[in-house]
Amino acid sequence: MESITKFKEPVLANKSNKILVMLGLIIGLIFSELDETVVNTAMPTIIRDLGGLAMYGWVGGVYMLTMSAFMPILGKLADLMGRKKIYLTSMVFFIGGSIVCGLSDSMTLLLIGRGIQGVGAGGLMPLAMTISSDLFPVEQRAKVQGFMGPIMFIPMLLGPLMGGYFVDQVSWHWIFFVNIPVGIIAALLLAGGLRESMIKKQVIIDWGGAFLLVVSIVSLLITPVLIENNGYTWSSPLIIGLLCLGAVLIGIFIWVEAKAKEPIVPLHLFKNRNILVLSLIVFTVGIGLMGSFSSFPYFAQNVLGLTPTEAGYLTLPMMVGAIGSAMISGFLLTKVRYRELFGIAFIMPIIGFYLFSHMSIHTTIIQIIIFFFITGLGLGVLFGGDNLIIQESVEKENKGIALATVPLFQTIGATVGVSIFGNLLSSTLTSKLQSLGDKLPASMAANMKSLAAAGVPHGLPKGLLTQIKTLFIESFQHIYMYSFIIAVLAFVLTWFLKKEVLSTNSEEGKMQDE
């Protein structure tokens, strides 16, 4: 089902105030990402206040589901109707969802608010990259986006601090209310700085494709959320049914899009080698990186004995490494073939995950900091360069949807990865703890799953405590070895990118072979 509407299509004008626009974009980007880490920090308090422990994981799951589902739709609408209008609409959704969350007096209302927030975040993140690419020529764009890419790591630093402050000093409601003034400031900066000229254009909107895309993504991504939070397994009839439904709907979606005059996701994008390979790379990194590191705070608190805040900050070196390498890659992308740049950089995550997979009870915090830094050095090139390569690989009219579609694969990978690695860690740890047999107190031995979930018990004899910590470490070695294998796969995929250098010519979309 398509509708034809006459719009005055906005086209970016040269009179835009780049400083105001970039400030607005960066503020919006940071706070849409920050919202997730702040909420995670505050969740124990929220659960105590609102109840609904069974819905714990759904607070993050609903956010990720709606964000994933609406990313490509909002990206496509931005191509059709203009960046400014869709970005500001996304900000309205994000602020509106924050108001609903802040006023919540039940878990149901909180989940509704998180879903609305997710819709907004689905537009804010990809459109920030799209608008910034429109503002600058390619040689400046590489440097600007080399800085913007790793901004997603900043919430890892600020999240635990802000979440802890609001929960301890004010109220958990304010972790959502603070988004309101910040979102308004970001919207005003962008609205005041971004200038678009108006061109009359007839726009065809593929609402049928949009509906099929949302339903199919929800059907597929709700499965890991159900597994993680409701005790289902991958072999459960409901999970198999949802996966089959999602696969069928994806097939129908592809059939509909092939016939649509203005498809929500142009299928020809995936005939572009760079788009296809980058989608595979970010999907792989999403599974391996997000999946394995999502449980790291659990390791840091139980094995290293750190507080939740300290555990959150232990990943900061990865952000430092990523920002440094992203900024360097921004300078190199117009001088060095990006296939080689990515290929060499992706050796670093292989080294990092190999080191993580060989941790022992004697591994120090300083060593773990070094492991994170090494891993970040490699991943920063991806976060600093993938969006730029996407922008220069497609026509201008498809830039918004391309920049929304590729990150969608990373979100899907992360959602699936968190579930898979969480289940893998739980089953491995439970199995290893069972090997202790009658060494554990009867109350603990009777329920191994609860013991694995609760962490290392207090008050145990030193020898037994050392044994349990060793089993915890061995379990994490197990999951990081899988991450090491995934990192090797990502390294191989980088060598399928085109052998090109990003052109510094003013003409959009042109590259030069060397």
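Our subject is the structure that appears above.
Bear in mind that the values here come from a model prediction, so they are computed numbers and not experimental data. (Residues numbered from 1 in each chain as written. Predicted model: local features only at pLDDT ≥ 70, side-chain atom pairs only at ≥ 80, totals over all residues. Heavy atoms only, no water.)

In this structure, the second largest pocket encloses a volume near 340 Å³. Lining the second largest pocket are 15 residues, with L213, I250, F253, L408 and F409 positioned closest to its centre. Its residues placed into classes, the lining of the second largest pocket shows 14 nonpolar, one polar and no charged. (1 Å grid on protein atoms, 1.4 Å probe; cavity = no way out; pocket = protein on both sides within 12 Å on 5 of 7 lines; lining within 4 Å. Points joined across faces, edges and corners; volume = space filled by probe spheres on them. Nonpolar A, V, L, I, M, F, W, Y, C, P; charged D, E, K, R; others polar.)

Applying the stated criterion across every chain yields a total of one salt bridge. For R337, the salt bridge identified is with E340, shortest N-O distance 2.9 Å. (Salt bridge = Lys/Arg side-chain N within 4 Å of Asp/Glu carboxyl O.)

To continue, consider the packing of aromatic side chains. Summed over all chains, the structure comprises 12 aromatic pairs. Taken together, a centroid distance of 6.4 Å and an interplanar angle of 50° make the contact between F353 and F356 tilted. Of the two residues, F353 and F356 both sit in helix α16 (residues 347–356), three residues apart, roughly one turn of that helix. Taking the relative accessible area as the measure of exposure, F353 reaches 3% and is therefore buried. A residue is classified by how much of its surface remains accessible, and F356, at 0% relative accessible area, is buried. The structure contains a cluster of three or more aromatic residues connected by ring pairs, namely F353, F356, F371, F372, F476 and Y480. (Phe/Tyr/Trp six-rings, centres within 6.5 Å; stacked < 30°, edge-to-face > 60°. Helix = DSSP H or I, 4+ residues; strand = E, 2+ residues; numbered from the N terminus. Buried < 20%, exposed > 50% of the residue type's maximum accessible area, 1.4 Å probe, protein only.)

The subject of this paragraph is empty space enclosed by the protein. Evaluated as defined, the whole model comprises three cavities of 30 Å³ or more. Of the pockets and cavities examined, the largest cavity occupies roughly 80 Å³. In terms of lining, the largest cavity is formed by T284, V285, G288, L289, F346, P349, F353, L379, S483, I486, A487 and A490. Put simply, the parts of the chain that give the lining of the largest cavity at least two residues each are α11 (273–293), α16 and α21 (462–494). For the lining of the largest cavity, the per-class residue count stands at nine nonpolar, three polar and no charged.

All quantities given are derived from atomic positions and should not be read as evidence of function.
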